[in-house]
Amino acid sequence: MRSFIRHPTDIPINCILQDHYYCIRNALLDVSAGGLSFTTDYYLPPGEIIQVNIYIQQPSFEADCQVMWCRKVDGYYHVGVKFESEAEAFGFRMVEQVCHIEHYKRQVLNKEGRELDGQQAAEEWIVKYACDFPR
């Protein structure tokens, strides 16, 4: 049973498999305070430690994560990982908000044809959604 509310997102990430020294670049499926999930072409065994890098802001967010599950779905693998430390999980909360704002920016462009800069998107997102963002 999940103990965190998950939020969908489509932000690209890098995953570095520490034992294999190669990167897997894919998009996040969803994120939470406890971890995240993403799609990949590769099977990642549960228990594997990976490093996740999200380059949505400077400095980029980096965290060590443990693979909790890996399931084949439509020719790809959906992978769920949890953060290795509470500090990394807490740091991800800020990244999660940035991800929501970036997603909102793209959504407004696609649905309304309005192009927002980061500041405008953040201001609109805060007014509309910040009160619903879990603490």
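About the criteria used
- Residues numbered from 1 in each chain as written.
- Predicted model: local features only at pLDDT ≥ 70, side-chain atom pairs only at ≥ 80, totals over all residues.
- Heavy atoms only, no water.
- Helix = DSSP H or I, 4+ residues; strand = E, 2+ residues; numbered from the N terminus.
- Areas by Shrake-Rupley, 256 points an atom, 1.4 Å probe, with all protein chains shown as cover.
- Buried < 20%, exposed > 50% of the residue type's maximum accessible area, 1.4 Å probe, protein only.
- Contact = heavy atoms within 4.5 Å.
- Polar contact = N/O pair within 3.5 Å; in protein donor to acceptor, adjacent residues only side chain to side chain.
- Salt bridge = Lys/Arg side-chain N within 4 Å of Asp/Glu carboxyl O.
- Expected span 1.5 Å × (residues − 1).
- Arc of directions from axis to C-beta.
- Pairing = 2+ DSSP bridges.

**Student:** What is the right way to read the overall build of the chain from this model?
**Tutor:** Counting secondary structure elements, the chain contains two helices and seven strands. Walking the chain from its N terminus toward its C terminus, one meets helices and strands in the order β-β-β-β-β-β-β-α-α. Total accessible area on the chain stands at roughly 8100 Å², and carbon and sulfur atoms take up 52% of it.

**Student:** Honestly, unusual backbone geometry in this entry has me stumped. Any pointers?
**Tutor:** Working note: non-glycine residues mostly have negative phi, and peptide bonds are mostly trans. Positive phi outside glycine occurs at Asp74, with the angle close to 50°. As for its position among the elements, Asp74 is in the loop between strand S6 (61–73) and strand S7 (76–83). Among the residues examined, Asp74 registers a relative accessible area of 73% and is labelled exposed.

**Student:** What exactly am I supposed to notice about the environment of Arg114 here?
**Tutor:** Mapped onto the elements of the fold, Arg114 is located in the loop between helix H1 (86–112) and helix H2 (118–129). Assessed through its relative accessible area of 31%, Arg114 is described here as partly exposed. Other than its neighbours up to four places away in sequence, Arg114 contacts Tyr104, Val108, Leu109 and Glu124. Reaching out from Arg114, the side chain makes a polar contact with the side chain of Glu112 at a distance of 2.7 Å. A polar contact is formed between the side chain of Arg114 and the side chain of Glu124, at a distance of 2.9 Å.

**Student:** Any chance you could explain the pattern of salt bridges here in plain terms?
**Tutor:** Pairing between side chains of opposite charge can happen when the charged atoms of each approach one another. Counting across every chain of the model gives three salt bridges. Glu102 is the salt-bridge partner of Lys105, the closest N and O atoms lying 3.7 Å from each other. Placement of the pair is Lys105 and Glu102 together in helix H1, with a separation of three residues, close to one helical turn. Across the pair Glu124 and Arg114 runs a salt bridge, and its minimum N-O distance is 2.9 Å.

**Student:** Would you mind showing me how to read the environment of Ala122 here?
**Tutor:** With respect to the helices, strands and loops of the structure, Ala122 is situated in helix H2. You can call Ala122 buried: its relative accessible area is 17%.

**Student:** Just to check I follow, could you spell out the environment of Ser37 for this structure?
**Tutor:** Looking at the element boundaries, Ser37 is found in strand S4 (residues 35–40). For Ser37, a relative accessible area of 3% gives the class buried. Measuring from C-alpha to C-alpha, the distance between Ser37 and Cys70 comes to 9.4 Å, with 33 residues separating the pair along the chain.

**Student:** When you look at H2 in this model, what are you seeing that I'm missing?
**Tutor:** For the α-helix, the turn length of 3.6 residues means that residues three or four positions removed from each other point alike. When the terminal C-alpha atoms of H2 are compared, their 16 Å separation across 12 residues agrees well with the 16 Å that a helix rising 1.5 Å per residue should span. Here H2 has its buried residues at Ala121, Ala122 and Trp125. For H2, the angular spread of the buried residues around the axis is 100°, confining them to a single face. More than 90 degrees from the buried face of H2, the exposed residues found are Gln119 and Val127.

**Student:** Whenever I open this one, the pairing of S6 confuses me. Can you help?
**Tutor:** If a strand is regular, its side chains alternate between the two faces of the sheet. The pairing of strand S5 (residues 49–54) with S6 spans six bridges and is antiparallel. Bridged to Val52 within S6 is Ala63. In this sheet, S7 lies alongside S6 in antiparallel orientation, the contact comprising eight bridges. Counterpart to Trp69 in the pairing with S7 is Gly80.

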